[in-house]
Amino acid sequence: MFFDKSFIAACGLAAVAHGHMLLRVPAPYTSPQLQSGPLDPSGSNFPCQAQAGAAFEGTPTEMAKGSKQKMGFTGSAVHGGGSCQISLTYDNPPTAQSAFKVIHSIQGGCPARGVAGNAGNDPNAQAKDEYEFTIPEDIPAGNATLAWSWLNKIGNREFYMNCAPVAITGDGGSEEALNALPDMLVANIAPGGDCKTTEGVDIEFPNPGKSVENNGGNLGKPVGNCGGGAAAGGAGSGAGSGAGSGSGAAASTPAAGAAAATSAPVVRGRRASWQS
Ligand SMILES: [Cu+2]
């Protein structure tokens, strides 16, 4: 049937019928304007729904290190939930080579807890569920991009990613602590290599990090070469010592141009598997 359940649940086919979920809090970038729907399978708008010719613009939300923050959404096409991550990069603007470091993982029940299918059909509705996360104390201050990534449970195999400009404030912090966080899991699109999710499974992240909300559900690992989501500290002594020797001056100012240039190649090296 034209309107059977699987058709309705398939984002790619039913975009007109239901719209999709959009990040509401923290305030997303105003440019590029958020598009309704998952990222293109080719990765052409990875990360953050990047668009050729559209600069990343928006007023950063200030977030103090150690503070509790809230994440919320607009829309009702929650696709049975799934699993989400909240990640940061200090690259301005974020690029396909940026390392997004995970500060919180939600396994099952995101962006809606306890919903089997969709939560209605109003793309403009404020989603009921909100999620709390903490800005780590030990990461650097600076302007950053916060990413919400979502691997939906029901429907087409997709990768959603909306981003928000944030200003991390507070003293101290180190690039080493940032680099030790896991890399954001990318699946179902070209930048994720052959890493895929399975319909009906709430993705259990290979490396969710230390801050995790577990909502149960049908947890299971992604399939394919998903990189293990290894923390930077475990990436090998070569990369570790390289970062250390090159980043002594960069540790407290990752957003500064010179510091970012010093650290970026090390980070990129870790993500190179899907680029080659
Ligand atoms: Cu959708």
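None of the values given here were measured: they were computed from a predicted structure.

About the criteria used
- Residues numbered from 1 in each chain as written.
- Predicted model: local features only at pLDDT ≥ 70, side-chain atom pairs only at ≥ 80, totals over all residues.
- Heavy atoms only, no water.
- 1 Å grid on protein atoms, 1.4 Å probe; cavity = no way out; pocket = protein on both sides within 12 Å on 5 of 7 lines; lining within 4 Å.
- Points joined across faces, edges and corners; volume = space filled by probe spheres on them.
- Helix = DSSP H or I, 4+ residues; strand = E, 2+ residues; numbered from the N terminus.
- Nonpolar A, V, L, I, M, F, W, Y, C, P; charged D, E, K, R; others polar.
- Salt bridge = Lys/Arg side-chain N within 4 Å of Asp/Glu carboxyl O.
- Buried < 20%, exposed > 50% of the residue type's maximum accessible area, 1.4 Å probe, protein only.
- Polar contact = N/O pair within 3.5 Å; in protein donor to acceptor, adjacent residues only side chain to side chain.
- Contact = heavy atoms within 4.5 Å.
- Pairing = 2+ DSSP bridges.
- Axes fitted to C-alpha atoms, helices over the stretch in contact; angles between N-to-C directions.
- Disulfide = S-S within 2.5 Å.
- Core = buried A, V, L, I, M, F, W, Y, C linked by side-chain atoms within 4.5 Å.
- pLDDT = per-residue confidence, 0-100.

1. Overview of the layout of surface pockets
Approximately 250 Å³ is the volume attributed to the second largest pocket. V102, P136, L181, K210 and S211 are, among the 14 residues lining the second largest pocket, the residues nearest its centre. It is strand β5 (residues 101–107) that contributes the most residues to the lining of the second largest pocket, three residues altogether. Taken together, the residues of the lining of the second largest pocket break down into eight nonpolar, four polar and two charged.

2. Observations regarding the pattern of salt bridges
Summed over the entire model, instances satisfying the criterion amount to six salt bridges. Here K70 and E130 are joined by a salt bridge, their closest N and O atoms 3.6 Å apart. Linking K70 in strand β3 (residues 68–74) with E130 in the loop between β5 and β6 (131–134), this pair joins segments that are 60 residues apart in sequence. A residue is classified by how much of its surface remains accessible, and E130, at 29% relative accessible area, is partly exposed. Between K101 and D183 there is a salt bridge, with the nearest N and O atoms lying 2.9 Å from each other. A residue pair is termed long-range when its members are at least 10 positions apart, and K101 in strand β5 and D183 in the loop between α3 (175–179) and β9 (202–203) qualify at 82 residues. For the pair K101 and D183, one class covers both residues: buried. One salt-bridge network, held together by shared partners, links R24, K70 and E130.

3. Points about the side chain of S31
For S31, the location among the structural elements is in the loop between β1 (22–25) and β2 (61–64). Classification of S31 as buried rests on a relative accessible area of 16%. Looking at S31, its side chain comes within polar contact range of the main-chain oxygen of A55, at 2.6 Å. Residue contacts for S31: discarding those within four places in its chain leaves A54, A55, F56 and E57.

4. Details of the sheet that holds β6
The sheet built from three strands is open, its strands ordered β1-β3-β6 with antiparallel pairing. Looking at strand neighbours, the two that pair on one side only are β1 and β6, the edges of this open sheet. Across this sheet, the average inter-strand angle for adjacent strands is 40 degrees, counted without regard to direction. Relative to β3, β1 runs antiparallel, the two being bridged by three bridges. By the bridge assignment for β3, L23 is matched with F73.

5. Points about the state of the cysteines
Overall, the coordinates contain three disulfides when judged by the stated rule. Each disulfide pairs two cysteine sulfurs, and for C48 the partner residue is C163, the sulfurs being separated by 2.0 Å. Handedness here is read from the sign of the S-S torsion; for C48 and C163, about -70 degrees, the answer is left-handed. You can see C48 sitting in the loop between β1 and β2 and its partner C163 sitting in strand β8 (residues 160–169), a full 115 residues away along the chain. Across the pair, exposure class does not vary: C48 and C163 are buried alike. Note on cysteine connectivity: C195 is disulfide-linked to C226, with sulfurs 2.1 Å apart. Judged by the sign of its S-S torsion, about 95 degrees, the bond between C195 and C226 is right-handed. Of this pair, C195 sits in the loop between α3 and β9 while C226 sits in the loop between β11 (219–220) and α4 (237–246), placing them 31 residues apart in sequence. Exposure remark for C195: the relative accessible area of 0% places this residue in the buried category. If the cysteines joined by disulfides in the protein are listed in sequence order, their pairing comes out as 1-4, 2-3, 5-6.

6. A short note on the nonpolar core
With 29 residues, the main nonpolar core has M71, F73, L88, F133, I139, W148 and I168 as its most contacted residues. Breaking this core down by element, the ones donating at least two residues are β3, β4 (82–89), β5, β6, β7 (142–152) and β8. For I168, the contacting residues outside a window of four places in its chain are M63, K65, L88, Y90, I135, I139, P140, A141, G142 and A144. Counting 22 residues, the second largest nonpolar core, distinct from the first, contains F100, V102, C163 and L185.

7. Quick word on the confidence of the model for the protein
Taken over all residues, the pLDDT of the protein has a mean of 82, while the share at 70 or more is 76%. This model gives residues 12–17 a pLDDT under 50, and the stretch forms eight contacts once residues within four places in sequence are excluded. Here residues 229–276 scores under 50 on pLDDT; set against residues more than four positions off or in separate chains, the count is 59 contacts.

8. Some details on the sheet that holds β5
On the basis of which strands lie adjacent, the open sheet formed by six strands has the order β2-β8-β7-β4-β5-β10 and mixed pairing. Unpaired on one side and paired on the other, β2 and β10 (212–214) mark the two borders of the sheet. On average, adjacent strands in this sheet sit at an angle of 25 degrees to one another, irrespective of strand direction. Bridge analysis of β2 against β8 gives four bridges, and the strand direction is parallel. Counterpart to A64 in the pairing with β8 is T169.

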